[in-house]
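Geometric and topological summary
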Amino acid sequence: PPILTQKDIIIGHDNSQKAFQQYKLAFGKIFTDSFRHRATKQDVEIFAEAMDAQDYERLKALNPYLAGYDLEITQLKNLLVPPQLAPLHLEYINLVIAQKEVIRKLRDAGADVVGATVTIAQYGTIQQRVSGLGQKFEDEYQKIGLP
């Protein structure tokens with residue numbers, strides 16, 4: 001998937017605690033809002049059930065997930081980011097783009113079952129990276145004194 005650079009995001013000039021707090025709240029809202037477009041099942045669960053049943057029509061249930069990723073990417077690109085958090089923010093958006101691409105490939109598994117099955121391994125790797133990145137964000141918040 002395309003890799004965004006710092007010119008693709010809005011980087012502010014303020015590294016104050018207030019700027020971090022505003023960013024953290026806005027980021028959390030974007031994350032929550034993007035999940036409202038997704039079903040109650042995990043995306044990989046939908047994929048596994050469709051594959052077990054050999055019913056590729058079930059994979060259309062992944063479309064709301066793709067819409068959620070699109071919304072999240074757009075909103076994150078337009079979020080004012082404190083300079084100190086810009087590298088983490090950018091890394092997160094690029095991981096969301098990669099995750100969206102994985103889900104798109106899973107949704108299209110009917111056309112390429114082998115490719116989709118191989119793609120599922122990428123999903124796990126991306127999830128691990130997102131989890132590690134979450135800890136890096138928390139570390140930065142703690143450095144500036146945010147809970």
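Residues numbered from 1 in each chain as written. Predicted model: local features only at pLDDT ≥ 70, side-chain atom pairs only at ≥ 80, totals over all residues. Heavy atoms only, no water.

Quick look at the side chain of Asn94 now. The residue Asn94 is located in helix H4 (residues 86–107) in this model. What makes Asn94 buried here is its relative accessible area of 14%. Polar side-chain contacts of Asn94 include one of 2.8 Å to the backbone nitrogen of Leu4. (Helix = DSSP H or I, 4+ residues; strand = E, 2+ residues; numbered from the N terminus. Buried < 20%, exposed > 50% of the residue type's maximum accessible area, 1.4 Å probe, protein only. Polar contact = N/O pair within 3.5 Å; in protein donor to acceptor, adjacent residues only side chain to side chain.)

Another point: the packing of H4 against helix H5 (residues 113–143). Running from N to C, H4 and H5 cross one another at 160 degrees; their axes reach a closest spacing of 9 Å. Relative to H5, H4 is oriented roughly antiparallel. Seen along the crossing, H4 lies across H5 with a hand that is left-handed. Looking at side-chain class alone, the contact of H4 with H5 contains 14 nonpolar, five polar and five charged residues. (Axes fitted to C-alpha atoms, helices over the stretch in contact; angles between N-to-C directions. Parallel < 35°, antiparallel > 145°, perpendicular 65-115°, else oblique. Left-handed = near helix turned anticlockwise from the far one by under 90°. Nonpolar A, V, L, I, M, F, W, Y, C, P; charged D, E, K, R; others polar.)

A few words now on helix H2 (residues 43–53). For an α-helix, the turn length of 3.6 residues means that residues three or four places apart are oriented alike. Taken residue by residue, H2 has Asp43, Ile46, Phe47, Ala50 and Met51 as its buried positions. Across the axial projection of H2, the buried residues extend over an arc of 130 degrees, all falling on one side. Elements in contact with the buried residues of H2: helix H3 (63–77), H4 and H5. The positive-phi residue at the C-terminal boundary of H2 is Gln54, with phi of around 50 degrees. (Arc of directions from axis to C-beta. Contact = heavy atoms within 4.5 Å.)

What follows concerns the environment of Tyr65. With respect to the helices and strands, the residue Tyr65 is situated in helix H3. Each C-alpha atom of the pair Tyr65 and Asp43 lies 7.4 Å from the other, and the pair is 22 residues apart in sequence.

What follows concerns the layout of surface pockets. If a probe the size of a water molecule is rolled over the atoms, the empty space left behind becomes visible. By volume, the largest pocket is sized at about 470 Å³. Every element with two or more residues in the lining of the largest pocket is listed here: helix H1 (17–35), H3, H4 and H5. When residues of the lining of the largest pocket are assigned to their parent elements, the largest contribution, eight residues, is made by H5. A class-by-class count of the residues in the lining of the largest pocket yields 13 nonpolar, five polar and six charged. (1 Å grid on protein atoms, 1.4 Å probe; cavity = no way out; pocket = protein on both sides within 12 Å on 5 of 7 lines; lining within 4 Å. Points joined across faces, edges and corners; volume = space filled by probe spheres on them.)

Before going further, it helps to examine the nonpolar core. With 40 residues, the main nonpolar core has Tyr23, Leu85, Ile103 and Phe137 as its most contacted residues. Of all the secondary-structure elements, those providing two or more residues to this core are H1, H2, H3, H4 and H5. The element that contributes the greatest number of residues to this core is H4, accounting for 12 residues. (Core = buried A, V, L, I, M, F, W, Y, C linked by side-chain atoms within 4.5 Å.)

Right, let's talk about the side chain of His89 for a bit. If you trace the backbone, His89 turns up in helix H4. Sequence-distant contacts of His89, defined by excluding residues within four places in its chain, comprise Ile9, Tyr23, Phe27, Leu76, Leu79, Val81 and Phe137.

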